[in-house]
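Spelled out from the first residue to the last, the chains are:
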Amino acid sequence: MFIASLIAKPGTLDPALVESLRNAFGGADVVWLAPDEAAEFALPARPSNFDEVRDSVAAQADLNIVPIENRAKKMLLADMDSTMIQQECIDELAEEAGVGAHVKDITARAMNGELDFEGALIERVALLKGLPESVIDKVVADRITLMPGGKELIAQMHANGGHAALVSGGFTAFTQRVSALLGFDENRANTLVIADGELTGEVGRPILGKQAKVDALEQITERLEITEADVIAVGDGANDLGMLNRAGMGVALHAKPSVQAKCDLRINHGDLTALLYLQGYAKP
């Protein structure tokens with residue numbers, strides 16, 4: 001059995017659309033997880049025309065299908081930049097260094113899979129050489145905002161005995177702060193090398209990229225004695241695809257086009273509470 005999930009921006013999910021899809025798919029009774037925001041219904045099988053129907057409603061709502069079995073996950077594995085927060089930390093540091101536009105272009109291309117992640121990271125960090133270490137606190141205070149729904153997502157996972165890990169191709173200087181703010185159990189990221197109170201323009205080795213996120217999935221599930229099927233992973237960039245495609249639920253959240261094309265679960269209208277709805281949790 002499967003669940004067809006429909007998620008839209010709060011107050012915009014049309015009940016008539018939900019009923020129309022339920023009738024077209026031959027689904028069971030509609031269950032509303034959040035009024036005019038998230039609804040679902042059970043299906044005996046994945047419809048053969050699902051992709052076409054999903055595309056036809058994409059402007060109105062996110063349509064996804066998930067198995068009923070093992071739906072509520074035991075672990076959250078999350079990217080940070082443009083996922084748990086609404087910015088890319090390296091882009092914000094680059095703005096402070098006066099090279100914002102150049103670095104943003106490289107970041108966008110790297111996250112879309114057009115550039116080698118490691119090479120692109122080395123190139124961008126080199127442009128930050130000479131920035132005072134204090135700029136990190138300034139960026140966190142003035143430029144970084146949390147993605148809506150993050151605290152609720154982690155609180156619900158914890159309430160059901162779950163574990164939350166933040167794994168980023170960004171920097172520990174940010175993941176440690178974001179992890180503490182949101183309540184993650186652990187975090188992994190790259191290290192900005194600092195000497196004499198300034199960024200040296202170098203990244204600590206080894207560099208954590210796509211494989212590091214897969215490694216985290218393998219290592220943490222083994223440590224917790226759970227399976228990869230027990231994990232819900234979320235990210236937006238090409239370097240997230242490894243963990244997204246290995247996890248029991250891999251969710252592309254407001255992701256780059258190339259990432260969405262390779263990921264079954266996609267959220268473009270909702271925020272991080274969508275990950276709760278996909279697991280069958282109703283809005284408190």
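Residues numbered from 1 in each chain as written. Predicted model: local features only at pLDDT ≥ 70, side-chain atom pairs only at ≥ 80, totals over all residues. Heavy atoms only, no water.

*Asks:* So what exactly am I meant to see when it comes to the sheet that holds strand β3 (residues 38-43) here?
*Replies:* Across the sheet, 4 strands lie side by side as β2-β3-β1-β4; this open sheet has antiparallel pairing. The outermost strands of the open sheet, each flanked by one partner alone, are β2 (31-34) and β4 (62-67). This sheet shows a mean twist of 25 degrees between the axes of neighbouring strands, independent of strand direction. The sheet strands contacting helix α1 (residues 15-25) are β1 (2-7), β2, β3 and β4, and the helix crosses β3 at an angle near 10 degrees. (Pairing = 2+ DSSP bridges. Helix = DSSP H or I, 4+ residues; strand = E, 2+ residues; numbered from the N terminus. Axes fitted to C-alpha atoms, helices over the stretch in contact; angles between N-to-C directions. Contact = heavy atoms within 4.5 Å.)

*Asks:* It is not clear to me how helix α8 (residues 172-182) should be interpreted in this structure. Could you clarify?
*Replies:* Think of an α-helix as turning once every 3.6 residues; residues three or four places apart then point the same way. All buried positions along α8 are accounted for by Ala173, Phe174, Thr175, Val178, Ser179 and Leu182. For α8, the secondary structure elements touched by its buried residues are α3 (89-97), α6 (135-142), α7 (150-159), β6 (163-171) and β7 (186-190). After α8 finishes, the residue Gly183 shows a positive phi value of roughly 95 degrees. (Buried < 20%, exposed > 50% of the residue type's maximum accessible area, 1.4 Å probe, protein only.)

*Asks:* I keep staring at the sheet that holds strand β10 (residues 231-235) and nothing clicks. Help me out?
*Replies:* The pairing of strands in a sheet happens through backbone hydrogen bonds and is either parallel or antiparallel. Reading across from one edge, β7-β6-β5-β10-β11-β12 is the order of the 6 strands in this open sheet, with parallel pairing throughout. Each of the sheet's edge strands pairs with one partner strand only, and the pair in question is β7 and β12 (265-267). Neighbour to neighbour, the strand axes of the sheet diverge by 20 degrees on average, direction disregarded. Two strands pair when backbone bridges link them, and β6 and β7 are joined in this way by 4 bridges, in the parallel orientation.

*Asks:* For this particular structure, what's the right way to read the packing of α3 against helix α4 (residues 100-111)?
*Replies:* In a pair of packed helices, the angle between the axes and the distance between the axes together describe the arrangement. For the pair α3 and α4, interaxial distance at closest approach is 8 Å and the crossing angle is 165 degrees. On the basis of the axis angle, α3 is roughly antiparallel to α4. Considering how the two elements wind past one another, α3 and α4 form a crossing that is right-handed. In this structure, α3 contributes Ile90, Asp91, Ala94 and Glu95 to the contact, and α4 contributes Gly100, Ala101, Val103, Lys104 and Thr107. Of the residues assigned to the contact of α3 with α4, the class counts are 4 nonpolar, 2 polar and 3 charged. (Parallel < 35°, antiparallel > 145°, perpendicular 65-115°, else oblique. Left-handed = near helix turned anticlockwise from the far one by under 90°. Nonpolar A, V, L, I, M, F, W, Y, C, P; charged D, E, K, R; others polar.)

*Asks:* When you look at the side chain of Arg22 in this model, what are you seeing that I'm missing?
*Replies:* By secondary structure assignment, the location of Arg22 is in helix α1. For Arg22, the side chain forms a polar contact with the side chain of Glu19, separated by 3.1 Å. (Polar contact = N/O pair within 3.5 Å; in protein donor to acceptor, adjacent residues only side chain to side chain.)

*Asks:* Mind showing me how you'd approach the side chain of Asp236 here?
*Replies:* Here Asp236 is to be found in the loop between β10 and α10 (241-246). Given the relative accessible area of 1%, Asp236 is considered buried. A distance of 3.4 Å separates the side chain of Asp236 from the side chain of Thr83, its partner in a polar contact. Excluding residues that lie within four positions of it along the chain, Asp236 makes contacts with Asp79, Asp81, Ser82, Thr83, Glu88, Leu253, His254, Ala255, Lys256 and Val259.

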